[in-house]
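Architecture at a glance
Residues per chain are reported as follows:
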Amino acid sequence: MTVPDYLVTFEAAIRPLVAAIALGLIWIGAVSMEGPAQSRYAIAAVLSVILVAWLALAQYLGSANAYVATSENAAPTLLFGLLIPLMTAAVGLRLSGRIASLVSAIPLHWIVAAQIYRIAGGIFLILWADGRLPWQFALPAGIGDVTTGCAAVVVAVLLAQKAPGALRAAYGWCLFGIADLIVALTMGAMTSPGRAHLLAFDAPNLLISSYPLVMVPTFAVPLALMLHGLVLWRLRRESASTGSLATA
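Residues numbered from 1 in each chain as written. Predicted model: local features only at pLDDT ≥ 70, side-chain atom pairs only at ≥ 80, totals over all residues. Heavy atoms only, no water.

**Looking at the pattern of salt bridges**
Taken as a whole, this structure holds four salt bridges when the rule is applied. Across the pair R118 and D145 runs a salt bridge whose closest N-O atoms are separated by 2.9 Å. Within this pair, whereas R118 is found in the loop between α5 (108-113) and α6 (123-129), its partner D145 is found in helix α7 (residues 135-160), the two being separated by 27 residues in sequence. The residues R118 and D145 share a single accessibility class, namely buried. A salt bridge links R132 to D130; the shortest N-O distance between them is 2.7 Å. For D130, a relative accessible area of 37% corresponds to the partly exposed category. A single salt-bridge network, built from bridges that share partners, covers R118, D145 and D180. (Salt bridge = Lys/Arg side-chain N within 4 Å of Asp/Glu carboxyl O. Helix = DSSP H or I, 4+ residues; strand = E, 2+ residues; numbered from the N terminus. Buried < 20%, exposed > 50% of the residue type's maximum accessible area, 1.4 Å probe, protein only.)

What follows is the structure, encoded as structure tokens:
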């Protein structure tokens, strides 16, 4: 399938923006956390290098067509691009107290607000309208992403203002955002060539594993799941420290 020029331009503009948002969170945490400046900025620098290296690797593999599936029996290599970053992040957070301290120092509303980039998922709707993506994938993925991105701003404002029910709203938003990603990933697999291909046989979803759209499941989606995981982790810790959501 031919990749439209507007998609290449759009992705080239969004990718550095998403990376800048993630880097911004890292350095906000470094500035806010306690401890010697040298130690704080050292861990932030290490995390920044890892993030940039991940982005570069995802771009290299994507542009080399490493994730393109062309047959119904193709191995789901795209899963590796999704799961390996998630597992690495989970292990790092669990084993490194310095990483946990940095994440704990980031204001919760900034972690939530960071997912405003999900509005860019509206590109799926444009590609569907252009006849380049099957509706079974594009509609739930596009509508869900735009809704999650818009709601992130509202929930972040509630958290920043410490409004009543803000933590509950954050929980609800987080669960919705995760569900949106799970549905999008499921429909992506079911509409693309591979072992899970059950839908859209007449016009399969070839674009999602092609560069540059493959950057979504190999970078943007894992990053979004990481951010959701951090929000849930922080909410659990803050709820435990206050006794209940109601008293928070």
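Now, onward.
**Some thoughts on the environment of E34**
Inspection of the secondary structure puts E34 in the loop between α1 (5-32) and α2 (37-63). In sequence terms E34 and L102 are 68 residues apart; their C-alpha atoms lie 8.6 Å from each other.

**Description of the nonpolar core**
Ranked by internal contacts, the top residues of the largest apolar core, which has 46 residues, are L102, V112, L159, F219, L223 and V231. Looking at this core, the elements with two or more residues in it are α1, α2, α4 (97-105), α5, α7, α8 (166-190) and α9 (215-242). It is α9 that contributes the most residues to this core, eleven residues altogether. Ignoring anything within four residues of it in the chain, the contact list for L102 reads I26, G29, A30, M33, I43, A44 and L47. Counting residues in each nonpolar core, the second largest holds 13 residues, with L7, I123, F124 and F137 among its members. (Core = buried A, V, L, I, M, F, W, Y, C linked by side-chain atoms within 4.5 Å. Contact = heavy atoms within 4.5 Å.)

**Some words on the confidence of the model for the chain**
Residues of the chain with pLDDT of at least 70 account for 94%, and the chain-wide mean is 92. A low-confidence stretch, residues 244-248 stays under pLDDT 50, and its non-local contacts, those more than four residues away or across chains, total nine contacts. (pLDDT = per-residue confidence, 0-100.)

**A closer look at empty space enclosed by the protein**
Following the criterion strictly, the structure yields one cavity of 30 Å³ or more and no others. What the largest cavity holds in volume is close to 300 Å³. Lining the largest cavity are 22 residues, and of these I14, Y117, A120, V216 and A220 lie nearest its centre. Mapped onto the lining of the largest cavity, the elements with two or more residues apiece are α1, α6 and α9. The class makeup of the residues in the lining of the largest cavity is 17 nonpolar, one polar and four charged. (1 Å grid on protein atoms, 1.4 Å probe; cavity = no way out; pocket = protein on both sides within 12 Å on 5 of 7 lines; lining within 4 Å. Points joined across faces, edges and corners; volume = space filled by probe spheres on them. Nonpolar A, V, L, I, M, F, W, Y, C, P; charged D, E, K, R; others polar.)

**Focus: a nonpolar patch on the surface**
Residues L79, F80, L83, I84 and M87 make up a contiguous nonpolar surface patch of roughly 490 Å² in combined accessible area. Note that L83 resides in helix α3 (residues 78-95). Overall, L83 belongs to the partly exposed group, its relative accessible area being 40%. (Patch = residues over 30% accessible without salt bridge, like charges linked within 9 Å, V, L, I, M, F, W, Y side chains within 5 Å. Areas by Shrake-Rupley, 256 points an atom, 1.4 Å probe, with all protein chains shown as cover.)

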